[in-house]
Every structure is written in C-alpha cells, then in structure tokens.
Amino acid sequence: MVRPFQHSRFSTAVLLLTLAVCLRPAMAEAPAEEDWHAFNRAAIHQHAVPRYENLSEKAGAMRVAVQAFCDHPGQKGLDQARKATVHAIMAWQAIQHVQFGPVTYLMRNFGLQYWPDKKGIGARQLRQALKLTDTSFDPAYFNDASASVKGFPALEKLLFDAKVLEKNTENPAVCALATGIADNIFRMSSDIEKEWTQAAEDIEGAGEESEEYEMAVDASTQFLKALVEPVEMLRDDKLNRVLGESAEKTRWKRSEFWRSRQSLNALRVNVQSLQHLYSGWDDHSVADILQRAGGEALAAQIEESFKSIAISLSDAHEPPIDAITPEFHAKLTAISELLRLLQHQLLEAMQVLNIQLGFNSRDGD
Amino acid sequence: MAINRRRFLAALAGAPFVLQARLVRADASQAALFSAVRSDTRGWELLATDLDGGVVFRHPLPARAHHVLLHPQKPWVVVIERRPGTRIDVVDRNSGRLIRRLTCEPGNHLFGHAQFSADGRYLITAEQGGSDAHGSLVFRDTQNGFAVQRTLDSGGVGPHEFKWVQGTRPQLLVANGGIKTRGREKINLDVMRPSLAYLDYHSGEVQSVHRFAAQDHQASIRHLDVTADGTVLLAMQFEGDPTQIAPLAAVHRPGQALQPLPMPEEIRSRLRQYCGSACIDSSQAIGAISAPRGNRILFWHLPDQTYLGSVVVRDGCGLAPGNQPGVFFASSGSGRLYRLYAKTLRKQRIEASYTQTIQWDNHLTRA
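Residues numbered from 1 in each chain as written. Chains lettered and ligands numbered in written order. Predicted model: local features only at pLDDT ≥ 70, side-chain atom pairs only at ≥ 80, totals over all residues. Heavy atoms only, no water.

## As for the overall build of chain B
Along its length, chain B carries three helices and 31 strands. Against the compact-globule benchmark of 21 Å for 367 residues, chain B has a radius of gyration of 20 Å, which places it among compact chains. Summarising its shape, the C-alpha atoms of chain B cover approximately 55 × 50 × 45 Å along the three principal directions. The contacts of chain B with a sequence gap of at least 6 include a subset with a gap of at least 24, amounting to 48%. Total accessible area on chain B stands at roughly 13500 Å², and carbon and sulfur atoms take up 48% of it. Averaging the coordinates of the 43 positive side-chain charges in chain B and doing the same for the 31 negative ones gives two points 6 Å apart. (Helix = DSSP H or I, 4+ residues; strand = E, 2+ residues; numbered from the N terminus. Rg over C-alpha atoms; globule rule 2.2 N^0.38 Å. Contact = heavy atoms within 4.5 Å. Areas by Shrake-Rupley, 256 points an atom, 1.4 Å probe, with all protein chains shown as cover. Lys, Arg positive; Asp, Glu negative; His and termini not counted. Charge placed at Lys NZ, Arg CZ, Asp CG, Glu CD.)

Given below as structure tokens:
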C-alpha cells in the first residue's frame, strides 16, 4: 500500500536533518587532539607546575620558621611560624584540587591533608605521638605513621591549639613533632615538584606509543576531573557538613582550618584556583575550548558563576566558633547553592566537550 | 545545551534507518564478547561484538545492568540489572531480540550477578529480600516459565558475584560483600563483615565461610574467578580509611585462609582502594584484576602468587580471557577495548566503530 503522506513526511525529515547538518555554519567542531595537547601544555606550565613550585617554596619557609620557633620559643617566633604555616596551607589549597599524578603516589594527597577526619583519627594519633618518649620524628617515623599526623591538620593543631602549646615547655615532643611534620610536608612537596618533570613529559608525550596516555584527551580528562569533581567536595565537605540546617546547628569546628581561622580563606583560594584552571589563560583554556566547541553561552555562564561565588566569599569573614548568626548561615548557604549551580554547569560543559570524566571509576559496583 | 558536530552526527547515526547499515558488521555466530554499556545517544544497552570489536547486535535496556551471562546450551544472553534493579532480560543471541523480561518477586532486588546451573535448567541470581539479614541465591526454572523454584541463604550480607566450584559435590562460591544497602546508599560500613562462602549445591548448606582479619573487615569481597582446580581469585573494594593498607586482591584455596596477593606499594597506593573485576586466563595460571579508579589492570602468576606487573587502562574494568595463556580482553569506561598480554605487560587497542560513543560497564563476558 502506498502511503504518500508518510513518504512525504519521511522525505521531509531526511531533508531537514540534511539541512541541519549543511546549513549550520556556526556549529562548532568537537575539540581535536591538537586542542587537548595545547590545553595540557598550558595546564601543566601555567597551572600545575607553578603551583607545586609555590607549595614547595612555602613549605620550605614554613620548615625554617617552625624550626626557628622551636629553637627559641617565644611569641614572635610563634607568630612567624604560624604565618609561614598559613602561607603553606594556602599554597596547598591552590593545588589541592589536582588529585592525580605525583601527589597521589604513596598517598601523599592524604599525607598532606587527612581531611575531613570524621572519626577523629588525627586527634587520637596526635595524642599518642605526644606521649612518645622517643621524640625523633624523622622520615622513618613518618613512613610508618598514620596519614592523619603527617600533614597540615596535625601541624595546625600543634601551632594554633592553646592547650597543646601550653605543654610545649614541659613536653619536648610538641616541638619535635611540629618540626618533624613541617619537614615531612616540605619533603613531600619538593618530591611532588620534582616528579612533575616526569609527569609533564608523560602528558606532553601522549600518543599511541605512550604507556600512560594513549591520547592527549586522556590527560586532559585528568585535569578536567580536577576542575569539576572538587566543586562537589567544596560544597558537601567544606560547607554543607559544617552548616547544618540552621545557624544553631552549624558546627564551625567541622570546618577545614577553624583553629587558624583560615577555613573561608581556604575556600576562597580553592574557588580562585578552579577559576584559573577554567579560564586562567587565553589560548586553549577550558573556557576557550568550550566556546569553540559551540558552548559560548555556557562558557560565559560558568565564568559568571565563578565571579558570583568569589564576590559572595569576598565579604564573608571567619566567624566566632560559638556565635554563628543566621545572616552568616544564610550567606554560606547561598554560596553552597552557587557551587551547586556551578557543578551542574561544569558537568554540562563536559558533555559539550565530549569528555567522559569516568564511568566505572565514578560509579561502579 | 550546546551540541557539537560529533554529538549531532552520532544522534543522526542513531536513527533507525542508519543503524542496520552502519553498526551491524558481523553475523550472529561471531558474537564473542558481551557487556552492558551506556551509549551516548541511546542510553543503556546490551552490546554483543566479535573478537575484533565489530558490533553484532545491540539490545536496549530499561536501566543500568551489570553482569551478562550465556546459557550453556541455548542461544540465550541474560542481562542482570545492577543493585537495586529488579529486571533480567533474556535475549536471543542470534537476533538480539528480547525473549523475555523477568522481574524479581515483590520486595526483592538484584545484586547484578547470576549463574546457570550446569545443565542449564536453572537461572540463579544473587538477590536481597526486603527484611532478610542475609542475601539469597534465587533459582528460576527455565523449563517452567522461569518460576522461582528454590531460594538459598547466600551465607552472608550483600552477595555479589558467585561462581561454581566443580568437585565430587558441586558448590556455589559466593562473594558476600557485607554491605547492607538502602537503594544505592550503604548503611552498615562501620560494622560490615564480608565473607567468602562455600555452599553445597544440593543441600544448600553453608559449608565454610572465610573472612579477612578483623582490622580488614571493611574489605568488601565483591568479585571472583575460580580455576579448574579450585583456586579462587578475589577482587575487593575497601570501604574504610582511604589510607589503610587493605587487601585489594587475594586468593583462596580450599582448606586455607584468605591470602592477600602482593603488589608494590607504589601501585597499591594508587588504586584508591577499589578493584572491579577478577579474571583467570585460559592456562588457569595467570590472574588479572582491574582497578578502574587506579586506571590499571594488574596480573599475578597464581601457582606461586607472584606479582607480574600492570598495564594502564583508563577507567578499565571489564575483563575476559583470551585464547592464549596470559592474554585477556579488557573494556573501559572511555569506550575502548583491548587485548592485554600479561607476560609482556603490553596492550593492544582493538579499534572499533563505537569508540568514545559508549562506555563499557563493569563486566565483559566471553563466549
């Protein structure tokens, strides 16, 4: 039976599909391997490597300052040790989002910062370490120690907790452990920095002959995971887990660096760092590639989201521990919502860029 | 949402009138590899390919599936939904058409794995009943409309993969992951006690239960493979402290304790406490375990439990044995298929038309 109407509709559909392909000059190309090679080079040399160099430098200064304080205890030395430690913490926060490559070798990522520590493992381990009579906290000690006493959270507690500091004069373990941790952080940081020479070669050598990266897009995917996945962590662990449903239910002691009053600063640095990975350079940034892949509007929306979060954070101040106001709670809840929007936008961008952040690795069984 | 040309063309290619010509490359007799997949354009599917990755057929699925198994005699391909799914598709291996869609009894859900009895009569699935403490192995009679004929206690909480152990009396070997769930949420991680349970097939009796030491009680035993002589290769997912040195790969031999397999710390520490599949090669001497979060497949010589090394496979999880000793097929979440050579630690990518338009799901089944 002849069905002219259906045949006509079929023909029209084919024609429209054909026209859609041919007559859409603005339809952009999916990024090519060359684009991802260029992105990788920029992400290595303008983002990852300089930030690891900065971490290593700041950790070195921290080590010197903590040692100086322990050699000559006093308020001035303590202030300088604290200041240098905060600088090193912020240098780490500026590259905390990268969770691949040398930072993951031997679990240095956890060694630098075991957090969130939901079971209080760090506090227990620290108490035990401070009871040790052998106070030689050398590299051998840290090789076998719990990750929770290897890095910044433990050092922050030693330098900023008044009760711990009170014991410093009578317990040599306090300063010995502080200098040991500062040294351990410096060694991990400088090892990461050195090992990025090889990591960069692996990424820049992406191709069929490479064992690590068969395609440049494989390495780009790692950087893009470092852009997208931390947003959820910022929202869930750094904000929502602290905030609760109201000002009364906010537990600021769950925040990342409440002792040194740096939790919000850390969040600011995190957002700035993600924004830099997104659009910190002109040619072959994520934003640039996204625009050229047909995502101009989305690229602009993401940039706008970063700006909105940065503006909201710029006038948020570290609160008193036990006096969280409803206004403060509302402000941070609004920032959490902005992060949620940003996360959705970034996930949408990955679809436009044809990037699979992970399937079995992200949601396996 | 913006759309790029590749995506648009992929969508166009998904139109029915293009499908047959573009994607069906091999005839049904060549179907050799089977897996659940996610397609960029068409959602969840069962994919059957030949050994060169040529698509034999694709069958649409209502939800994400996990394990695919083949009937020992009939041309049936069976696809099991993952936790907490309830549907099982029985698909004709020659045509790719749905023969029957089974659904769990009310209140039950699947854990993603199944087996056929040796004579092919019973389809056995790992399931959870609503209020049961332990999981179950549910037997459906293929000769009686897939009616549930028998239910066995799995010997532990959260049964996942299970396999046959042939001997004087056949046994079912069950990886009880130990995790209680509500939907996809895990609700007992602090008190979980995973186990490897040997069940007598005829009596259903739990004959032995094996566990790791108490400090490793969060090492969820999830996937396994068994050699003809009863050596069991186990792949674990550790649910505790991300820095704990936990057993991620192990072997078990009858009458012995579970033996964690050695691996260099620099490799172990990159696996993110997660292994996805276990597979034994055609010679029965080499075992492979995938670690998709660590982007690696690791190999061991099983008789002496020595570590052979690893190859990088990004988001690689599915494993199936090749024809030669030490050769494996591996599939990845980035849409790639490989032949892996454990003895030389080489990989060979199998070029396929669908690369980067699908994601291979956790397991790969070889005909």
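Here the narrative resumes, following the displayed structure.
## Concerning the overall build of chain A
In terms of regular secondary structure, chain A is built from 14 helices and zero strands. Going from N to C terminus, chain A has its helices and strands arranged as α-α-α-α-α-α-α-α-α-α-α-α-α-α. Across the 365 residues that make up chain A, the buried fraction comes to 55%. A separation threshold of at least 6 residues defines the contact pool for chain A, and within that pool the share at least 24 residues apart is 77%. As presented, chain A carries roughly 16600 Å² of accessible surface, and 53% of it is formed by carbon and sulfur atoms. Here chain A carries 38 positive and 50 negative side-chain charges, and the mean point of each set is 9 Å from the other. (Buried < 20%, exposed > 50% of the residue type's maximum accessible area, 1.4 Å probe, protein only.)

## Examining the pairing of strand S3 (residues 55-60) of chain B
Two faces belong to every sheet, and in a regular strand the side chains alternate between them. Residues and elements named next belong to chain B. Among the six residues of S3, five are classified as buried, and the element is accordingly described as predominantly covered. Pairing between strand S2 (residues 43-49) and S3: five bridges, direction antiparallel. Residue pairing across strands places Thr49 opposite Val55, the latter belonging to S3. Hairpin connection from S2 to S3: five residues lie between these consecutive antiparallel strands, with Gly53 at a positive phi of about 85 degrees. (Pairing = 2+ DSSP bridges.)

## Observations regarding the pattern of salt bridges
Within the structure shown, the criterion is met by 43 salt bridges over all chains. With a closest N to O distance of 2.4 Å, Arg362 of chain A and Glu229 of chain A form a salt bridge. Of this pair, Arg362 of chain A sits in the segment after helix H14 (326-352) while Glu229 of chain A sits in helix H10 (residues 216-243), and the two are 133 residues apart along the sequence. On the basis of relative accessible area, Arg362 of chain A is assigned to the partly exposed category, the value being 37%. Looking at Glu229 of chain A, the relative accessible area reads 29%, which means it is partly exposed. As a salt-bridge pair, Asp236 of chain A and Arg235 of chain A come within 3.8 Å of each other at their nearest N and O atoms. Residues joined by salt bridges that share partners form a network here, namely Asp363 and Asp365 of chain A together with Arg64, Arg82, Arg83, Arg184, Arg222 and Asp361 of chain B. (Salt bridge = Lys/Arg side-chain N within 4 Å of Asp/Glu carboxyl O.)

## Describing the state of the cysteines
Residue and element names in this part refer to chain B. Under the counting rule described, the total for this entry stands at one disulfide over all chains. With no disulfide of its own, Cys275 has Cys317 as its nearest cysteine by sulfur position, at a separation of 9.3 Å. Overall, the relative accessible area of 1% leaves Cys275 in the buried class. Counting only cysteine sulfurs, Cys317 is the nearest neighbor of Cys279, a cysteine outside any disulfide, at a range of 12 Å. When its relative accessible area of 3% is taken as the criterion, Cys279 is described as buried. (Disulfide = S-S within 2.5 Å.)

## Some points on the sheet that holds strand S26 (residues 316-321) of chain B
Residue and element names in this part refer to chain B. Here four strands make up an open sheet; going across it, the order is S26-S27-S28-S29 and the pairing antiparallel. Sheet topology places S26 and strand S29 (346-350) at the edges, where each strand pairs with a single neighbour. With strand direction ignored, the average angle separating the axes of adjacent strands in the sheet is 30 degrees. One ladder, built from five bridges, connects strand S27 (residues 327-332) with strand S28 (residues 337-341); its direction is antiparallel. Within S28, the position partnered with Ala330 by the bridge is Tyr338. (Axes fitted to C-alpha atoms, helices over the stretch in contact; angles between N-to-C directions.)

## Things to note about the packing of helix H2 (residues 33-71) of chain A against helix H7 (residues 152-160) of chain A
Residues and elements named next belong to chain A. For the pair H2 and H7, the least separation of the axes is 13 Å and the interaxial angle reads 30 degrees. On the basis of their axis angle, the class for H2 and H7 is roughly parallel. The crossing of H2 and H7 is left-handed. The residues of H7 that touch H2, namely those facing Leu55, Met62, Val66 and Phe69, are Phe152, Leu155 and Leu159. Here the contact of H2 with H7 is composed, by residue class, of seven nonpolar, no polar and no charged. (Parallel < 35°, antiparallel > 145°, perpendicular 65-115°, else oblique. Left-handed = near helix turned anticlockwise from the far one by under 90°. Nonpolar A, V, L, I, M, F, W, Y, C, P; charged D, E, K, R; others polar.)

## Points about the side chain of Gln275 of chain A
Its location among the elements puts Gln275 of chain A in helix H11 (residues 263-279). Those residues within four positions of Gln275 of chain A in sequence are excluded, and the remaining contacts are Gly280, Glu303, Phe306 and Lys307 of chain A.

## A word on the pairing of strand S7 (residues 98-103) of chain B
Residues and elements named next belong to chain B. In this sheet, S7 lies alongside strand S6 (residues 87-92) in antiparallel orientation, the contact comprising five bridges. The residue bridging Asp89 from the neighbouring strand is Arg101, located in S7. Linking S6 back to S7 in an antiparallel pair, the connection comprises five residues, with Gly96 at a positive phi of about 80 degrees.

## Let's talk about the interface of chain A and chain B
Listed as interface residues are 44 residues of chain A and, on the opposing side, 55 residues of chain B. For the pair chain A and chain B, the summed buried surface comes to about 4200 Å²; carbon and sulfur atoms form 48% of the total. Broken down residue by residue, the surface that chain A buries against chain B is led by Phe359, Asn360 and Asp365 of chain A, which jointly contribute 21%. Counting across the chain A and chain B interface gives 13 salt bridges. The salt bridge partner of Glu212 of chain A is Arg314 of chain B, with a shortest N-O separation of 3.5 Å. At the junction of chain A with chain B, the criterion picks out 26 residue pairs in polar contact (both at pLDDT 80 or more). Put simply, the parts of the chain that give the side of chain A that touches chain B at least two residues each are helix H1 (4-22), H10 and H14 of chain A. In terms of residues, the side of chain A that touches chain B owes the most to one element, H1 of chain A, which gives four residues. Of the residues belonging to the side of chain A that touches chain B, the class tally is 22 nonpolar, 12 polar and 10 charged. (Buried area = accessible area lost by both parts, 1.4 Å probe. Polar contact = N/O pair within 3.5 Å; in protein donor to acceptor, adjacent residues only side chain to side chain.)

## Focus: the sheet that holds strand S21 (residues 259-260) of chain B
Residue and element names in this part refer to chain B. Strands sit in the order S18-S19-S20-S21 across an open sheet of four strands; the sheet is antiparallel. The sheet is open, and its two borders are formed by strand S18 (219-226) and S21, each paired with just one other strand. Both strand S20 (residues 249-252) and S21 contribute to a ladder of two bridges, which runs antiparallel. Each residue of the ladder has a partner; that of Ala250, found in S21, is Pro260.

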